[in-house]
Amino acid sequence: MDAPEQTVSNILEQDKLKWVFVGGKGGVGKTTCSSVIGILLASVRQSVLIISTDPAHNLSDAFQQRFTKTPTLVNGFTNLFAMEVDPKVENDDITSNDGINSYISELTDSIPGVDEAMSFAEMLKLVQTMNYSVIVFDTAPTGHTLRLLQFPSTLEKGLEKVMALRSRFGGLLSQATRLFGLGDEFNEDAMVDRLETMRGIIEKVNNQFKDPDLTTFVCVCIPEFLSLYETERLVQELAKFEIDCHNIIINQVIFDEEVVQSKLLKARMSMQKKYINQFYMLYDDFHITKLPLLQEEVCGVEALKQFSKNFIKPYQPSLTRGTVEELELRVSLLRSQLKEAESELQTKKKGK
Ligand SMILES: Nc1ncnc2c1ncn2[C@@H]1O[C@H](COP(=O)(O)OP(=O)(O)O)[C@@H](O)[C@H]1O
Ligand SMILES: [Mg+2]
């Protein structure tokens, strides 16, 4: 069998794809990769929305444009939108009345994760009505994402709890509320309705998440031991949740290039090679895309577009070692270094 192609082209070709999750540890390049994947999808799909659910939002940094919790058109595009949402509960968005509010907070205290699950469900409900062809999630670091994907069972627990309370206290509860003048404000039927509606949305979305034609998860990592380890954990968790994952992006790879002269970089490069080989061994049926470590950050639409080339065509180091071109370049590099050192020496001498 041929090894899978080392690009993300497979994602662009999957024309029914609706949800693309991009995840991995902080700082590995999730936002950069989500932005680029969004840009690439916008060239083949009708409309694309990128959503950041990472509390450390940086879609705004990547695109150099301010985003809010409502979808905003990305400058320079006609069909690419972005939004940043807070995964923490926003009470005024979720509940409109105090009785329910206190009921919710009681619930959320007893079942960690319900508040987050609810706000995620609210967001998904909203997004579903907007009819984007495909939605890219720039997710929060690993643990957090997986918690959100667990939310159907979390909500289920919440619902059971409410039902149990209801059957235990039944009429007593409504009598008490009338007695204390809470009246309609504290309406447990409304609460149950709410949870039921949420559950409906969540069930629907969850079925979509488990359909590999509609959903895929892209793991972003760097070629280091910890990241390899984290990726393996993530891949296994995703399998447990039955979420498709067949793309790994290895970011910040130091390629064997003419500019790599320093001993430090060479040492890092051989360390990286060791882990990259392990990635290939462990994930021989995955599309593994390697991205070069750049000298500068990937900031702004132009830089992102430039960087996106590496997602659809494997990066080629600019020169191969030992060629005339490489030697010429090395000589000129050394010449300029010599020049710098000489002028520094001159300045030092004058200063004495
Ligand atoms: N291959 C790369 N070369 C150089 N800088 C990069 C590369 N990938 C990402 N960066 C920069 O590293 C920083 C962190 O990347 P980001 O995508 O925000 O990571 P995350 O979202 O995983 O925290 C950003 O400033 C980004 O521009
Ligand atoms: Mg980020």
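Before reading on, note that the structure itself is shown above.
Anyway, here's the lowdown on the structure attached to this text.

Each value, and the rule that gives it
- Residues numbered from 1 in each chain as written.
- Chains lettered and ligands numbered in written order.
- Predicted model: local features only at pLDDT ≥ 70, side-chain atom pairs only at ≥ 80, totals over all residues.
- Pairing = 2+ DSSP bridges.
- Helix = DSSP H or I, 4+ residues; strand = E, 2+ residues; numbered from the N terminus.
- Contact = placed C-beta atoms within 7 Å.
- Axes fitted to C-alpha atoms, helices over the stretch in contact; angles between N-to-C directions.
- Buried ≥ 20, exposed ≤ 12 C-beta atoms within 10 Å, placed from the backbone.
- Expected span 1.5 Å × (residues − 1).
- Near = placed C-beta within 6 Å.
- Nonpolar A, V, L, I, M, F, W, Y, C, P; charged D, E, K, R; others polar.

### As for the sheet that holds strand 7 (residues 247-253)
Read across the open sheet, the eight strands follow the order 3-4-2-5-1-6-7-8; overall the sheet is mixed. A single partner strand is all that each edge strand has here, and the edge strands are strand 3 (72-73) and strand 8 (287-292). The sheet contact formed by strand 7 and strand 8 spans five bridges and is parallel. By the bridge assignment, Ile249 is partnered in strand 8 with Thr289. This element, helix 10 (residues 225-240), spans strand 1 (19-23), strand 6 (215-221) and strand 7 of the sheet and lies at about 165° to strand 6. Sitting on the sheet, helix 11 (residues 263-282) is in contact with strand 7 and strand 8, with an inclination near 175° to strand 7.

### A word on unusual backbone geometry
A positive phi angle is found at Gln64, which is not glycine, with a value near 55°. Position of Gln64 relative to the elements: it lies in the loop between helix 3 (59-63) and strand 3. Here Gln64 falls in the partly exposed class, since 13 other C-beta atoms lie within 10 Å of it. The phi angle at Gln252 is positive, at roughly 65°, despite the residue not being glycine. Here Gln252 lies in strand 7. The class for Gln252 is partly exposed, based on 19 C-beta atoms found within 10 Å.

### Topic: helix 12 (residues 300-312)
The end-to-end C-alpha distance of helix 12, which contains 13 residues, comes to 19 Å, matching closely the 18 Å that a straight helix rising 1.5 Å per residue would cover. When we look at burial in helix 12, the residues that qualify are Leu304, Phe307, Ser308, Asn310 and Phe311. Packed against the buried residues of helix 12 are helix 2 (30-42), helix 3 and strand 8.

### A look at the site of ligand 1
Residues in contact with ligand 1 amount to 16 residues; listed here are only the nearest, Lys30, Thr31, Thr32, Leu294 and Glu297. Counting only elements with at least two residues in the shell around ligand 1, the list comes to helix 2 and strand 7. Element by element, the count of residues in the shell around ligand 1 is highest for helix 2, at three residues. In the shell around ligand 1, the residues fall into six nonpolar, eight polar and two charged.

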